[in-house]
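The residues making up each chain are set out below.
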Amino acid sequence: MKHLLANLFFALLPPSRHTVNRHGVIRCSAPPPIPSVDVKALTVGTIVAGRVLGVGEDGSYELDIGTGSPATMPRSESALLPNATRYADLSAGEVREALVVGVAGSQVNVSVARAQRALAWRRVESLHRADVSYNATVIALADAGATVEVERLPGFVPWSHWQLPEAAWADRKALLGSRLPVKFLEVDAGRNRMVVSHRRHAVQQRLDELSPGRLVSGRVAKLVPFGAVVRLADGLEGLLHVSQVSRLYVQNVSEVLTRGEELTCVVLKVDLADGSLALSTKMLESRPGEMLDDRAALLARSSQIEGRVELRQ
């Protein structure tokens, strides 16, 4: 029922002479008049077809939605443009899908942006269910992560889910406007919340070389109470848990490892749900404690290993 009026408009169009693009813009060679509707039948949330008449005295757009009186739409509701300070300029005669946001007597307020947002969320939910990668555009940077544009909706990428090469961390402002392949972590249209991950995409592109038992090399990016974060050459990060440093008990990882130190590790596990990577050095030990008292020999021997290491309990 919410789309009844828009569907009626489509039904009146000549066959094969109209299209509706992904943003709700209706294009046709010879559009018919907007069908008449009873304003009393309109409710908030109804999606209607509206032809742009022009700009009213207050600067708002006026649209013919078939009620006899023009519907009003603020310029800020003219298009879905995340993180933008400008609005779309609509031309007289354009036909757009619009969502009814208010009805007071004969006065109807509509929003093209909200109709586009509803359509965009449906597309994002479909992409999420299909678990596909999406080429997002970086539109803002913050301390905790970046905002990217996905189907004209803002999505958030925590820095821990963006696998940057070492050199790129120094000048992250250069990332603005770049394209970033991401996979979805969380999509909640009701809360207008979308969290995406570049790490999930990167891991799935490298599953063969990151399978359990494979050896990887990197540097210790940071030390945390429960272990060390190891950054591989392409920026992908894995966790070396304190319990996986050595077969001898290690209480404090900072007493064993230093930031910037080069390490060879064994892949223990890849979690495809969030793209996390679990690593181990104790699986390389020929005897308990070798990682602690003879690391040079351990790393030299590890560099000669080809293929996989057999994982021990």
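Residues numbered from 1 in each chain as written. Predicted model: local features only at pLDDT ≥ 70, side-chain atom pairs only at ≥ 80, totals over all residues. Heavy atoms only, no water.

- The name an unreviewed UniProt entry assigns to the protein chain is S1 motif domain-containing protein, from the organism Emiliania huxleyi.
- What UniProt states about the protein chain under its Sequence similarities (unreviewed entry) heading is, verbatim, "Belongs to the bacterial ribosomal protein bS1 family." (UniProt positions renumbered as here; feature names shortened; annotations may be inferred.)

## Regarding the environment of Ser178
So, point 1. Along the chain, Ser178 turns up in the loop between strand S10 (153-158) and strand S11 (179-188).
So, point 2. Since its relative accessible area comes to 24%, Ser178 is described here as partly exposed.
So, point 3. Taking C-alpha positions, Ser178 is 5.8 Å from Thr137, a pair spaced 41 residues apart along the chain.
So, point 4. A polar contact is formed between the side chain of Ser178 and the backbone oxygen of Leu175, at a distance of 2.5 Å. (Helix = DSSP H or I, 4+ residues; strand = E, 2+ residues; numbered from the N terminus. Buried < 20%, exposed > 50% of the residue type's maximum accessible area, 1.4 Å probe, protein only. Polar contact = N/O pair within 3.5 Å; in protein donor to acceptor, adjacent residues only side chain to side chain.)

## Some remarks on the nonpolar core
So, point 1. Residues Leu210, Leu257, Leu263 and Leu277 are the most contacted members of the largest nonpolar core, which totals 28 residues.
So, point 2. Of all the secondary structure elements, the ones that give two or more residues to this core are helix H3 (198-205), strand S13 (215-224), strand S14 (227-232), strand S16 (262-271) and strand S17 (276-280).
So, point 3. Aside from chain neighbours lying at most four places away, what touches Leu277 is Leu210, Leu232, Leu236, Glu237, Gly238, Leu239, Val267, Lys269 and Val270.
So, point 4. In this structure, Leu80, Trp162, Leu175 and Met194 belong to the second largest nonpolar core, which totals 22 residues. (Core = buried A, V, L, I, M, F, W, Y, C linked by side-chain atoms within 4.5 Å. Contact = heavy atoms within 4.5 Å.)

## Topic: the packing of aromatic side chains
So, point 1. As enumerated under the stated definition, the model contains one aromatic pair in all.
So, point 2. Here the aromatic rings of Trp159 and Trp162 are separated by 5.5 Å at their centres, their planes lie at 25 degrees, and the arrangement is stacked. Taken individually, Trp159 and Trp162 each receive the classification buried, so the pair is uniform in this respect.
So, point 3. Directly above the ring of Trp159 sits Arg172, whose terminal nitrogen or CZ lies 4.6 Å from the centroid. (Phe/Tyr/Trp six-rings, centres within 6.5 Å; stacked < 30°, edge-to-face > 60°. Lys NZ or Arg CZ within 6 Å of the ring centre and 35° of its normal.)

## Comments concerning the pattern of salt bridges
So, point 1. Overall, the coordinates contain 16 salt bridges when judged by the stated rule.
So, point 2. With its nearest N and O atoms 3.7 Å apart, the salt bridge here joins Asp131 to Lys183. Placement of Asp131 in the loop between helix H2 (112-130) and strand S8 (134-141) and of Lys183 in strand S11 is noted, with a sequence separation of 52 residues between them.
So, point 3. A relative accessible area of 32% means that Asp131 is categorised as partly exposed.
So, point 4. Glu186 serves as the salt-bridge partner of Arg191, at 3.5 Å between the closest nitrogen and oxygen. (Salt bridge = Lys/Arg side-chain N within 4 Å of Asp/Glu carboxyl O.)

## A few points about the sheet that holds S13
So, point 1. In space, the five strands of this closed barrel follow the order S13-S14-S15-S17-S16, with mixed pairing throughout. Put simply, the sheet's adjacent strands are angled 50 degrees from each other on average, direction ignored.
So, point 2. Pairing of strand S15 (residues 237-241) with S17, which is carried by two bridges, proceeds in the parallel orientation. What sits directly across from Leu240, in S17, is Leu279. (Pairing = 2+ DSSP bridges. Axes fitted to C-alpha atoms, helices over the stretch in contact; angles between N-to-C directions.)

## Some remarks on the side chain of Lys282
So, point 1. Tracing the backbone through its elements, the reader meets Lys282 in the loop between S17 and helix H4 (290-293).
So, point 2. One buried charged side chain, Lys282, makes no salt bridge at all; its nearest oppositely charged neighbour is Glu285, positioned 7.7 Å away. (Lys, Arg positive; Asp, Glu negative; His and termini not counted.)

## Concerning the pairing of S16
Two faces make up the sheet, and in a regular strand the side chains alternate between them.
So, point 1. The pairing of S13 with S16 spans five bridges and is classified as antiparallel. Its bridge partner being in S16, Leu215 is matched across the sheet by Val266.
So, point 2. Taking the residues between adjacent antiparallel strands as the criterion, S16 and S17 are bridged by four residues, where Gly275 takes a positive phi near 75 degrees.

## Comments concerning the layout of surface pockets
So, point 1. Estimated volume of the largest pocket: approximately 460 Å³.
So, point 2. When contributions to the lining of the largest pocket are tallied by element, the ones reaching two or more residues are S13, S14, S15, S16 and S17.
So, point 3. Here the lining of the largest pocket gathers at least three residues from each of two domains, domain 2 (131-203) and domain 3 (211-304).
So, point 4. Size it by volume and the second largest pocket reaches roughly 150 Å³.
So, point 5. What lines the second largest pocket is a set of eleven residues, and nearest its centre among them are Ser217, Gly218, Arg219, Arg231 and Glu262.
So, point 6. Of all the secondary-structure elements, those providing two or more residues to the lining of the second largest pocket are S13, S14 and S16.
So, point 7. Here the residues of the lining of the second largest pocket are counted per class, giving four nonpolar, three polar and four charged. (1 Å grid on protein atoms, 1.4 Å probe; cavity = no way out; pocket = protein on both sides within 12 Å on 5 of 7 lines; lining within 4 Å. Points joined across faces, edges and corners; volume = space filled by probe spheres on them. Domains from an automatic or database assignment. Nonpolar A, V, L, I, M, F, W, Y, C, P; charged D, E, K, R; others polar.)

## A look at unusual backbone geometry
So, point 1. Backbone geometry at Asp131 places phi at a positive 55 degrees, although glycine is not the residue there.
So, point 2. Phi at Asn192 is positive, roughly 50 degrees, even though this residue is not glycine.
So, point 3. Within the secondary structure, Asn192 is located in the loop between S11 and strand S12 (193-197).

## Some remarks on the confidence of the model for the protein chain
So, point 1. This prediction gives the protein chain a mean pLDDT of 85; 87% of its residues lie at or above 70.
So, point 2. Note that pLDDT drops below 50 for residues 8-17; the model gives that stretch 24 contacts with residues more than four away or on any other chain. (pLDDT = per-residue confidence, 0-100.)

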